[in-house]
Amino acid sequence: SSELAQDPAVSVALGQTVRITCQGDSLRNYYTSWFQQKPGRAPVLVIYGSNNRPSGIPDRFSGSSSGDTASLTITGAQAEDEADYYCNSRDSSGNRLGNVFGTGTKVTVL
Amino acid sequence: QVQLVQSGAEVKKPGASVKVSCKASGYTFTDYYIHWVRQAPGQGLQWMAWINPNSDGTNYAQKFQGRVTMTRDTSISTAYMELSRLRSDDTAVYHCVREYYDVLTGYYMFDYWGQGTLVTVSS
């Protein structure tokens, strides 16, 4: 199966900007989604279709994608943005179209 | 409102099987795929499989093929995930997730998640 690689951890000062990247071959052909997960909670979708925000997600969250790399940017990070973030895309490495998650990035807001 | 409600926590011995249910409400069950995603303690998210509730078609991640079975009962809008030959490293929270797919844009999203079911495998 495909793999999506993320940096394990990043930190950002309150109010500053942080970018999280996700790299993998499947990103060349399929849209990327991003999920935020806080301890003990189910993941929450923050970006779909590589650069679209679901309703209710603050506009400080944005996404982009180029080639085999997708990015999630938090512009003006808030304390409540401290969480784990996972990228996700389709995976065509098997007989049928599947799915794959990134390894996850822990974001700390200082 | 859309809800996915899963069955309760399970404790199983190594070698046993577990079957987790996911009851959907608030939408037409057969219109959306259901995926299963698990998360071991302190670890990341791992995609396991999907089922098409309309056709009963399934697709399993290679890692789980031969051990996992997805089924559904459309009469009660419920999907099931059964994992056999359990090992200690199967200890995890298992989530069912609805996939929304927009045929016009090609966008897809995991928009609703079940609350998760903790499966503990221990002798």
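Refer to the structure presented above.
Residues numbered from 1 in each chain as written. Chains lettered and ligands numbered in written order. Predicted model: local features only at pLDDT ≥ 70, side-chain atom pairs only at ≥ 80, totals over all residues. Heavy atoms only, no water.

Asks: In this structure, what is going on with the pairing of strand E7 (residues 69-74) of chain A? I would like to understand it.
Replies: Within a regular strand, the side chains alternate between the two sheet faces. All names here are of chain A. The element E7 is extensively covered by neighbouring structure, given that five of its six residues are classed as buried. The pairing of strand E6 (residues 61-66) with E7 spans six bridges and is antiparallel. Following the sheet pairing, serine 65 is matched in E7 by alanine 70. Between E6 and E7, which pair antiparallel one after the other, the connecting turn spans two residues, and glycine 67 there sits at a positive phi close to 60 degrees. (Buried < 20%, exposed > 50% of the residue type's maximum accessible area, 1.4 Å probe, protein only. Helix = DSSP H or I, 4+ residues; strand = E, 2+ residues; numbered from the N terminus. Pairing = 2+ DSSP bridges.)

Asks: Looking at this model, I keep getting lost on the environment of A:Ser93. Mind explaining?
Replies: Topologically, A:Ser93 is positioned in the loop between strand E8 (83-91) and strand E9 (98-101). Spatially, the C-alpha atoms of A:Ser93 and A:Ser26 are 8.6 Å apart, while their sequence positions differ by 67 residues.

Asks: Would you take a moment to explain the sheet that holds strand E7 (residues 68-73) of chain B for this structure?
Replies: Strand-to-strand pairing in sheets goes through backbone hydrogen bonds, with the strands running parallel or antiparallel. All names here are of chain B. Within the open sheet, the four strands sit side by side as E1-E3-E8-E7. Their pairing is antiparallel. The sheet terminates laterally at strand E1 (3-6) and E7, the two strands that pair on one side only. Between one strand axis and the next, the sheet turns by 20 degrees as a mean value, whatever way the strands run. Bridge count for E7 against strand E8 (residues 78-83) is six bridges, and the pairing is antiparallel. Looking at the pairing, threonine 69 lines up with glutamate 82 of E8. (Axes fitted to C-alpha atoms, helices over the stretch in contact; angles between N-to-C directions.)

Asks: Hey, could you run me through the interface of chain B and chain A in this one?
Replies: Between chain B and chain A, the contact holds 23 residues from the first and 20 residues from the second. Between chain B and chain A the total buried area reaches about 1900 Å² when both faces are included, carbon and sulfur atoms providing 59% of it. Put simply, chain B and chain A have one salt bridge between them. Taken together, the links from chain B to chain A amount to ten residue pairs in polar contact (both at pLDDT 80 or more). At the level of elements, strand E4 (33-39), strand E5 (45-51), strand E6 (58-60), strand E9 (92-101) and strand E10 (108-113) of chain B are the ones that each hand at least two residues to the side of chain B that touches chain A. (Contact = heavy atoms within 4.5 Å. Buried area = accessible area lost by both parts, 1.4 Å probe. Salt bridge = Lys/Arg side-chain N within 4 Å of Asp/Glu carboxyl O. Polar contact = N/O pair within 3.5 Å; in protein donor to acceptor, adjacent residues only side chain to side chain.)

Asks: What am I meant to see in the sheet that holds E6(A) here?
Replies: Taken in spatial order, the four strands make up an open sheet running E1-E3-E7-E6 (chain A), and their pairing is antiparallel. Edge positions in the sheet fall to strand E1 (5-6) and E6 of chain A, since each has one partner strand and no second.

Asks: Is there a simple way to explain the packing of aromatic side chains in this structure?
Replies: Given two aromatic rings, one states the distance between the centres and the angle between the planes to describe the pair. Considering all chains together, one arrives at twelve aromatic pairs over all chains under this definition. Here the aromatic rings of B:Phe110 and B:Trp113 are separated by 6.5 Å at their centres, their planes lie at 80 degrees, and the arrangement is edge-to-face. Here B:Phe110 matches B:Trp113 in class, with each residue buried. Pairwise contacts between aromatic rings join A:Phe35, A:Phe101, B:Tyr108, B:Phe110 and B:Trp113 into one cluster. In this structure, B:Arg98 packs its charged tip against the face of B:Tyr27, placed 4.7 Å from the ring centre. (Phe/Tyr/Trp six-rings, centres within 6.5 Å; stacked < 30°, edge-to-face > 60°. Lys NZ or Arg CZ within 6 Å of the ring centre and 35° of its normal.)

Asks: Help me understand the nonpolar core in this model?
Replies: A general feature of soluble globular proteins is that nonpolar side chains tend to end up buried together. With 42 residues, the main nonpolar core has A:Phe101, B:Ile34, B:Trp36 and B:Met81 as its most contacted residues. Considering every element that reaches this core, the biggest residue donor is E5(B), with six residues. Counting residues in hydrophobic clusters, the runner-up holds 22 residues, among them A:Leu4, A:Val10, A:Ala83 and A:Cys87. (Core = buried A, V, L, I, M, F, W, Y, C linked by side-chain atoms within 4.5 Å.)

Asks: Help me understand the environment of B:Gln39, please; the structure alone is not making it clear to me.
Replies: Turning to its location among the elements, B:Gln39 is positioned in strand E4. Relative accessible area serves as the criterion here: at 13%, B:Gln39 is assigned to the buried category. Along the primary structure B:Gln39 and B:Glu99 are separated by 60 residues, whereas in three dimensions their C-alpha atoms are 18 Å apart. Those residues in contact with B:Gln39 that sit more than four places away from it in its chain are A:Gln37, A:Tyr86, B:Gly44, B:Leu45, B:Ala92 and B:Val93. Engagement of the side chain of B:Gln39 in a polar contact is seen with the side chain of A:Tyr86, the distance being 3.4 Å.

Asks: What exactly am I supposed to notice about the pattern of salt bridges here?
Replies: Side-chain pairs of opposite charge can arise whenever the charged atoms involved come near each other. Tallied over the entire structure, the rule returns ten salt bridges over all chains. Measuring nitrogen to oxygen at the nearest pair gives 3.1 Å for the salt bridge that ties B:Glu99 to A:Arg90. Of this pair, B:Glu99 sits in strand E9 while A:Arg90 is found in strand E8, placing the two residues in two different chains. Comparing B:Glu99 with A:Arg90 shows no difference in burial state: the two are buried.

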